[in-house]
Amino acid sequence: MNSDHRRIIHDVLWLRLAQMIVNEEYKAGKFKIPIHLALGHEAIVVALNHFMQDEDKILLTHRNIAYNLARLGRLKPILDEYLLKSTGLAKGKLGSMNLENLQRGIIYSSSILGNNFSVATGVAMAQKILPQNGVTMVLGGDGSIEEGTFHETLLMLKSLNLGAFVIIENNEWSMSTRIDQRRCPIDLGKLTSSYDIKYVRLEGNDPFLYLEQLKKLRKLALDGIPVCIEVMVTTLGDWIMKTPEIPDGKFVNYHAGPAPTVEMKDWPLLIKTNEEDPIFVLNKYLDQAGLEEMSKEIRQEIDKELTI
Amino acid sequence: MKYLEFVNSLLKNEVAKQDKLVVFGQNISAGSCLGGLTRGLSVRNNSKIINSTNSENTLCGFGFGMMINGVSSIFFMKQLDFLLLGIDHLVNTYNIIRNAKQDNSSSFTIMPIIVDNGYQGPQSSFNNLPDMCSIARIPGFAITTKWEIEKIISSELISPGFRIITVSQRLFKEELLSPEKLYYSNDKNTVFQYSSGHDATIICFNFSFPQGWLLHQELSKNNINTSIFNVISATPTEWNRIIESVQNTRKLVIIDDSKSNNLACDALVTDICGTCDLKKKIILKRQLSDGWLNPTSDIMELDMKHIMNELTN
């Protein structure tokens, strides 16, 4: 296995551990601000992080923690930001939902559903005008495609030949409701083809395959061809809530706040033992012992960083 | 020269000078070109004019997106009420950008037309730029006179940051109002003074300056000399000069032609009542009847004789 491959595996494990540490702080009541963890999203995040080049720009949602961690590569400035300290990434002035990092290409993060799609059209246009040799990428969840801005953005990207990636992280939930409980299905492939926009579906949580696909799409974007990429994810951290009224318990999907049933462990970092968990998928590339050893090294790195 | 002609000429001039500028909006270079507002605009080779899609929300985001990535733009809009579709960006996107304090020198200006020319029905019900601006403390300018148009277009149309500049459709075909002298304008270009008199102070808001100027002239004919001001922005603003004038004349006439419940003049009335010992206070607002949403002439008429009597009694 070459060093690039090891790096990607390392980054997935690091991202999981970093988020777990944030979760522990959250469970301990350390934060005043709302934070939306992205446990389970590590594969696409790491793939995008390795895909991004200097002139690329990415626009995020309120669930930007994993992207900010991955792009920065350090935990402490993010933790400090969440604690609203002046040593935070944005000196404690942005908190979580609007956290950006211009030096690392995170040009905008919005807490409003679908808001960042529109802004991405302008970022992409500016790349064309200046010009910049980079790709604009904008993230959204499957709930955000219900917003009118999603349609308007696809229309404008195509009409103005703006080669952006519109990346939809589809976890099949919108806050507390399953998508199929609140609306008719939307076939993104058919929707995007009606605008003559290229559609790609990614699933399986394999960061290597994701990265390979993204690299193939770069030239399209630079040639002014927009692409819609639907990534199937599972946002991990759900739990069963039992109350006197519901003694058998009710399934609660993770949306925001601490994930009460996710426990900090050295190993395994698994939350689910199937392909819904990107850590599980890493077994394809490195055996259990190798992953465990790497995880311990990462834990030491993080502990050292946090101690300093 | 007509108001529209003057505005258009200055716009053409400013837009033609800029590098890497994007000018966009629905039909801005097709058909009537927004009733003539954007007719003849031309840009340099590295700039762009876009006849956009009907996507007002995303078009607002488009302008902000360009701004944060280093490109200036102007969004010309046929009617102010179209901007309601983009309120998310006026509030959330603008606040996110301001809070992040990104260091860039790019500009985003939205230039909607206020549909106040009459007989338009419900779509002319929203004529209050200050109301729109107040929701996120957005710099905004409702330009009426030659002085205001020159000053605002030259200094604000393309300048770092975001603002809204509106014009009045009702004035398009009218002769450009050109008071002989500009006595004063504040540092923010939000308050303009066009005469200095000791008998009364007239203060106009939104697009009521034509009525105020007519009143000023009528009063002058009857030897009542007034100071007249035009407040062209959202309020409150820096208006110490106005308050000094009212303290001197002690007779106040406020004219606000807006149809909203929140009026720009209300903040000034509060400030004045707290600091001035008034002999006369005349506040002229729209009197909206049951049919205010019907297609009507939409002109705010003033009873000049009544006002004169009030001021002289």
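The structure we're discussing is the one just above.
Residues numbered from 1 in each chain as written. Chains lettered and ligands numbered in written order. Predicted model: local features only at pLDDT ≥ 70, side-chain atom pairs only at ≥ 80, totals over all residues. Heavy atoms only, no water.

Break down the overall build of chain A for me, with residues and values.
Counting its secondary structure elements, chain A contains 11 helices and 10 strands. A compact globule built from 308 residues should have a C-alpha radius of gyration of about 19 Å, and chain A, at 19 Å, falls within 12% of that. For chain A, the C-alpha atoms occupy an extent of roughly 50 × 50 × 40 Å along the three principal directions. For chain A, with 308 residues in total, the buried portion stands at 57%. If you take every contact in chain A between residues at least 6 apart in sequence, the share linking residues at least 24 apart comes to 73%. Per element, the accessible surface of chain A, about 12,900 Å² overall, is 50% carbon and sulfur. (Helix = DSSP H or I, 4+ residues; strand = E, 2+ residues; numbered from the N terminus. Rg over C-alpha atoms; globule rule 2.2 N^0.38 Å. Buried < 20%, exposed > 50% of the residue type's maximum accessible area, 1.4 Å probe, protein only. Contact = heavy atoms within 4.5 Å. Areas by Shrake-Rupley, 256 points an atom, 1.4 Å probe, with all protein chains shown as cover.)

Tell me about the overall build of chain B, and please be specific about residues and values.
Each helix and strand counted, chain B has 9 helices and 12 strands in total. Taken over C-alpha atoms, the radius of gyration comes to 20 Å for chain B, in line with the 20 Å a tight globule of 313 residues would show. Seen through its C-alpha atoms, chain B measures out along the principal axes to roughly 60 × 40 × 35 Å. Counting every position in chain B, which comprises 313 residues, the buried fraction comes to 59%.

An account of the sheet that holds strand β4 (residues 107-114) of chain B is needed here, citing residue identities and associated values.
Residues and elements named next belong to chain B. The 6 strands are arranged β2-β1-β3-β4-β6-β5 in an open sheet whose pairing can be described as parallel. Because the sheet does not close on itself, it has two edges, and the strands there are β2 (48-51) and β5 (140-142). With strand direction ignored, the average angle separating the axes of adjacent strands in the sheet is 15°. As defined by bridge partners, strand β3 (residues 72-77) adjoins β4 across 5 bridges and the pair is classed as parallel. If you follow F75 over to β4, its bridge partner there is I110. (Pairing = 2+ DSSP bridges. Axes fitted to C-alpha atoms, helices over the stretch in contact; angles between N-to-C directions.)

If you had to explain the interface of chain A and chain B to someone new, which residues and values would you point to?
It is common to give the size of an interface as the accessible area that goes away when the parts come together. If you look at the interface, chain A gives 32 residues, while chain B gives 29 residues. For the pair chain A and chain B, the summed buried area comes to about 2,400 Å², and 67% of that belongs to carbon and sulfur atoms. Where chain A packs against chain B, one counts 0 salt bridges. If you list the elements that add at least two residues to the side of chain A that touches chain B, you get β2 (106-109), α5 (115-129) and α6 (148-159) of chain A. (Buried area = accessible area lost by both parts, 1.4 Å probe. Salt bridge = Lys/Arg side-chain N within 4 Å of Asp/Glu carboxyl O.)

Give me the lowdown on the pairing of strand β8 (residues 227-232) of chain A, citing residues and values where you can.
Residue and element names in this part refer to chain A. Counting buried positions along β8 yields 6 of 6 residues, so the element is predominantly enclosed. Both faces of β8 are covered, namely the face carrying V227, I229 and V231 and the face carrying C228, E230 and M232. As judged from the 6 bridges shared by strand β4 (residues 164-170) and β8, these two strands associate in the parallel manner. Paired with I167 across the bridge in β8 is I229. Bridging between strand β7 (residues 198-202) and β8 involves 5 bridges; their strand directions are parallel. Looking across to β8, one finds that V200 is bridged to I229. Viewed along the sheet, the connection from β7 through helix α9 (residues 207-222) into β8 turns out right-handed. (Right-handed = clockwise from strand over helix to strand, strands pointing away.)

So what's going on with helix α2 (residues 42-51) of chain A? Residues and values would help.
The buried fraction of α2 of chain A amounts to 9 of the 10 residues, a majority that puts the element mostly inside the structure. Within α2 of chain A, burial applies to E42, A43, I44, V45, V46, A47, L48, N49 and F51 of chain A.

If you had to explain the sheet that holds strand β9 (residues 200-205) of chain B to someone new, which residues and values would you point to?
Residue and element names in this part refer to chain B. Spatial strand order, β7-β8-β10-β9-β11-β12: 6 strands in an open sheet with mixed pairing. Of all the strands in the sheet, the pair left with one neighbour each is β7 (184-185) and β12 (280-285). In this structure, strand β8 (residues 191-195) lies alongside strand β10 (residues 226-231), joined through 4 bridges in antiparallel fashion. Bridge pairing in β10 links V191 to V231. Against the sheet, helix α6 (residues 209-221) makes contact with β8, β9, β10 and β11 (251-256), and its axis sits at roughly 175° relative to β10, the strand it touches most. Packed on one face of the sheet, helix α7 (residues 240-249) meets β7, β8, β9, β10 and β11 and runs near 145° to β9.

Can you lay out unusual backbone geometry for me, pointing to particular residues and giving the numbers?
Residues and elements named next belong to chain A. Look at the link from L130 to P131: it is a cis peptide, with omega at -15°. Secondary-structure assignment places P131 in the loop between α5 and β3 (136-141). A positive phi is found at E172, a non-glycine position, where the angle reads about 65°. With respect to the helices, strands and loops of the structure, E172 is situated in the loop between β4 and β5 (173-174). By relative accessible area, E172 is classed as partly exposed at 38%.

Provide a residue-level description of the pattern of salt bridges, including the pertinent values.
Residue and element names in this part refer to chain B. Following the criterion strictly, the structure yields 35 salt bridges over all chains and no others. Notably, a salt bridge pairs D116 with R170, separated by 3.7 Å at the nearest N-O pair. With D116 in the loop between β4 and α4 (129-134) and R170 in the loop between β6 (161-168) and β7, this pair connects stretches of sequence that are 54 residues apart. Accessibility assignment for this pair places D116 and R170 in one class, buried. E150 serves as the salt-bridge partner of K146, at 3.3 Å between the closest nitrogen and oxygen. Placement of both K146 and E150 in helix α5 (residues 146-156) is noted, with a separation of 4 residues, approximately one turn of the helix. According to the relative accessible area criterion, K146 is partly exposed, its value standing at 29%.

Break down the packing of α5 of chain A against helix α2 (residues 56-68) of chain B for me, citing the residues and quoting the values.
Two numbers describe how α5 of chain A lies on α2 of chain B: the axes approach to 6 Å, and their chain directions differ by 45°. If you check the angle between α5 of chain A and α2 of chain B, you find them oblique. At the point where α5 of chain A passes α2 of chain B, the crossing takes the right-handed sense. Residue-level inspection shows S118, V119, T121, G122, V123, M125 and A126 of chain A of α5 of chain A in contact with α2 of chain B, the latter providing N57, T58, G61, F62, G65, M66 and I68 of chain B. A breakdown of the residues in the contact of α5 of chain A with α2 of chain B according to their chemical character gives 7 nonpolar, 7 polar and no charged. (Parallel < 35°, antiparallel > 145°, perpendicular 65-115°, else oblique. Left-handed = near helix turned anticlockwise from the far one by under 90°. Nonpolar A, V, L, I, M, F, W, Y, C, P; charged D, E, K, R; others polar.)

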